Every structure is written in C-alpha cells, then in structure tokens.
Amino acid sequence: MSEAKRENTSKKCGQDSCSFKIAELPDACKEKIHTFEQELNKQGFWNIALVAYQKME
C-alpha cells in the first residue's frame, strides 16, 4: 500500500470525464487488501498490487 500513497495524480476515465484519487482507507481495510494480495501470490498470481481509487465528482 505504500506505493499507492506515493501516487498523487488523479486518473481520468473515458468520455464522461470522471476522475479518481487514491482512496484513503482505514487500516483494517488496507490489511484486507494486503492479505488478498498475499493470497493471489500463493495461487501463482505474482506481483499483483491492488489499489483502491475513489471517484471524485
């Protein structure tokens, strides 16, 4: 998750011009994401990073 915190830029999506920012999540949610990354790794899906984005309107 530390990599996600370093990313400061907004993401733009398609034709409807919506934008996203890195979501600020509670530690418990970050831990669940990290646990799921580890589970993917165990199943052979190497170097997967899961990132949560929040839609900005």
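Just above sits the structure.
So, here's what we can say about the structure. (Residues numbered from 1 in each chain as written. Predicted model: local features only at pLDDT ≥ 70, side-chain atom pairs only at ≥ 80, totals over all residues. Heavy atoms only, no water.)

Attention shifts here to the overall build of the chain. Counting its secondary structure elements, the chain contains 2 helices and 3 strands. From first element to last, N terminus to C terminus, the chain shows the α and β order α-β-β-α-β. Across the 57 residues that make up the chain, the buried fraction comes to 16%. A fraction of 60% describes how many contacts in the chain between residues 6 or more apart in sequence connect residues 24 or more apart. (Helix = DSSP H or I, 4+ residues; strand = E, 2+ residues; numbered from the N terminus. Buried < 20%, exposed > 50% of the residue type's maximum accessible area, 1.4 Å probe, protein only. Contact = heavy atoms within 4.5 Å.)

So, on to the environment of A52. Here A52 lies in the loop between α2 (27–42) and β3 (53–56). It is 8.6 Å that separates the C-alpha atoms of A52 and K21, two residues lying 31 residues apart in sequence. Look past the residues within four positions of A52 in its chain and what remains in contact with it is K21, I22, A23, L25 and I33.

Examined against the element boundaries, F20 turns out to sit in strand β2 (residues 18–22). Overall, F20 belongs to the partly exposed group, its relative accessible area being 22%. C-alpha separation for the pair F20 and M56, spaced 36 residues apart in sequence, amounts to 5.3 Å.

At 3.6 residues per turn, the α-helix brings residues three or four places apart onto the same side. Its 16 residues give α2 an end-to-end C-alpha distance of 23 Å, which sits within 8% of 22 Å, the value for a rise of 1.5 Å per residue. Looking at the residues trailing α2, positive phi occurs at G44, about 95°. (Expected span 1.5 Å × (residues − 1).)

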